[in-house]
Amino acid sequence: MDIQDERRRLLDAEESEDNQEVADTRSVQDAYLDKVRNGNLYLAVFVSVLGPLSFGFVLGYSSPAIPDLTSTTDDRVRLDNDQASWFGLSLMLSALPFVFGFTIIAAAQNIWMLYVGRALTGLASGIASLVVPVYISEMAHERVRGTVGSCVQLMVVTGICGAYWRWLAVCGSVPPTLLIVGMCFMPETPRYLLSHGKRREAEAALRFLRGPDAPVEWECARIQEACGQQESAGFRASYLREPGVYKPLAIGMLLMFFQQATGINAIMFYAENIFKDAQFEMVFTGIAAVIMDRAGRRVLLCISGVAMAISAAVFGVFFFLTTAPNNTTVNAVVSELQGSLGLEGSVGVRPQDLAALALASMAVFIAGFALGWGPIPWLVMSEIFPSKVRGFASAACVLTNWGNAFIITKFFQNLLDWLGSAGTFWLFASMCAVNVVFTMAFVPETKGKSLEEIQEHFSGARA
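Every value quoted in this text rests on a predicted model; they were computed, and no experiment measured them.

The rules behind these values
- Residues numbered from 1 in each chain as written.
- Predicted model: local features only at pLDDT ≥ 70, side-chain atom pairs only at ≥ 80, totals over all residues.
- Heavy atoms only, no water.
- Phe/Tyr/Trp six-rings, centres within 6.5 Å; stacked < 30°, edge-to-face > 60°.
- Helix = DSSP H or I, 4+ residues; strand = E, 2+ residues; numbered from the N terminus.
- Lys NZ or Arg CZ within 6 Å of the ring centre and 35° of its normal.
- Core = buried A, V, L, I, M, F, W, Y, C linked by side-chain atoms within 4.5 Å.
- Buried < 20%, exposed > 50% of the residue type's maximum accessible area, 1.4 Å probe, protein only.
- Contact = heavy atoms within 4.5 Å.
- Salt bridge = Lys/Arg side-chain N within 4 Å of Asp/Glu carboxyl O.

A. Seen up close, the packing of aromatic side chains. Using the criterion set out here, one finds 13 aromatic pairs in the structure. Pairing Phe 257 with Phe 258 gives two aromatic rings, centres 5.5 Å apart and planes at 70°, and the pair type is edge-to-face. With a centroid separation of 5.3 Å and an interplanar angle of 50°, the aromatic rings of Phe 258 and Phe 438 are classed as tilted. Placement of Phe 258 in helix 12 (residues 243–261) and of Phe 438 in helix 20 (residues 412–442) is noted, with a sequence separation of 180 residues between them. Aromatic rings pair up to connect Phe 315, Phe 318, Phe 319, Phe 412, Phe 425 and Phe 428 into one cluster. When the ring centre of Tyr 239 is taken as reference, the NZ or CZ atom of Lys 388 above it lies at 4.5 Å.

Have a look at this one:
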């Protein structure tokens, strides 16, 4: 018994010392962050998110453009239904920069010029969705990383909204041009510079980002210590056996998979045919950016998942009550939906009291997605990977996201054929419910933690 008591005292003493060490570290960290000035950081974030803004314009451009391209009197650029679908989907298949792509689209003399322009903007979009979140997370400190990281999704949605103002089609290359010019004056991330042995340049970058009053040598030493514990010879397959690599990689890829498995593209298809814009989503994405560093990632993901599960289930009920059994094509289902909402009078009389049900379920779903499952998977992806595999792991997550988006978009009609419109949305509702369970079981809270502390969590070291 005496031996057990002694062991317990030693363990308690060790735990107390660890807690004191953590408290001291937090105290020093808070004192440092109190001296930080964020003006230049916000400037760098603004310049970098011009990429996602252009990305959003690419995503949204097809919605207002395709009706014009399918009805134009110019035979050289007129699209049939099959060509129009590939014009919209080519973003996920391709990969060169926005400026050239939009220039080619604006000057298109035939259908293949439209395809080539779309493919070039697709490559630039892929690069933006991979690089910008990582760039922002490596520059930002833990107090504002959630807010500025959420600006990526906010600017994507803003770009989608912008595509509905036709005059912006002429100016599609302006944001990427500003991005090219602006990034010439922005620093490389301190973590990248330190991982390549450029301490002086890293301190200069931190001094630019944190302001003249912050003792950047402290943060530089903290980052360098973490970089020194990792090999910098490039990615190796053997890294995938390390818990600090395969655990966050699995979480990141599953977050991206579940983001698309919610059925957001299907819901947005109906929403665009009813509401004709994405301003609603933009508002709630902005709210998410404001509260991200207060509420936390896990809480918002759970609230978002529950809201989407309920609303997708209700949307399925709406279709179950109103959609004719033989209407299983996308266009037929849209016509039924519009008829029930009183937007078209050619489909017969539908229960008008169910119109509020459809509108409310769509609104709740889009708001829930914008609050959590829209911005947070991209934010968490940029936070959880160690620097030695950050490029490879982020690329794997982006590939998972867009690969799954392509599959769901391409085979959505097949789901309608197999399950019916109601069954399809009940399937999406069940995936949203699985999202909540996955979040509660596996996704760590990264709010208020430095990137180095997050890496220590996965590797098993004490934060």
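What follows picks up the thread again.
B. Broad picture of the nonpolar core. Ranked by internal contacts, the top residues of the largest apolar core, which has 55 residues, are Leu 255 and Phe 425. No other element matches helix 20, which puts 10 residues into this core. Formed by 20 residues, the second largest nonpolar core is a distinct cluster that contains Leu 53, Val 144, Val 148 and Val 152.

C. View of the environment of Met 292. Tracing the chain through its elements places Met 292 in helix 14 (residues 279–295). Spatially, the C-alpha atoms of Met 292 and Gly 146 are 5.3 Å apart, while their sequence positions differ by 146 residues. Not counting residues within four places of it along the chain, the set of residues in contact with Met 292 comprises Gly 146, Thr 147, Ser 150, Arg 297, Leu 300, Pro 375, Ile 376, Leu 379 and Lys 447.

D. View of the pattern of salt bridges. Counting across every chain of the model gives 12 salt bridges. When the shortest N-O distance is used, the salt bridge between Arg 191 and Glu 452 registers 3.0 Å. One end of the pair, Arg 191, is in helix 9 (residues 190–195); the other, Glu 452, is in helix 21 (residues 451–459), with 261 residues separating them in the sequence. For Glu 452, a relative accessible area of 8% gives the class buried. Ionic pairing is found between Glu 242 and Lys 388, a salt bridge with its closest N-O pair at 2.7 Å. Here Glu 242 is found in the loop between helix 11 (216–228) and helix 12, whereas its partner Lys 388 is found in the loop between helix 18 (376–383) and helix 19 (390–410), with 146 residues between them in sequence. On the basis of relative accessible area, Lys 388 is assigned to the buried category, the value being 18%.

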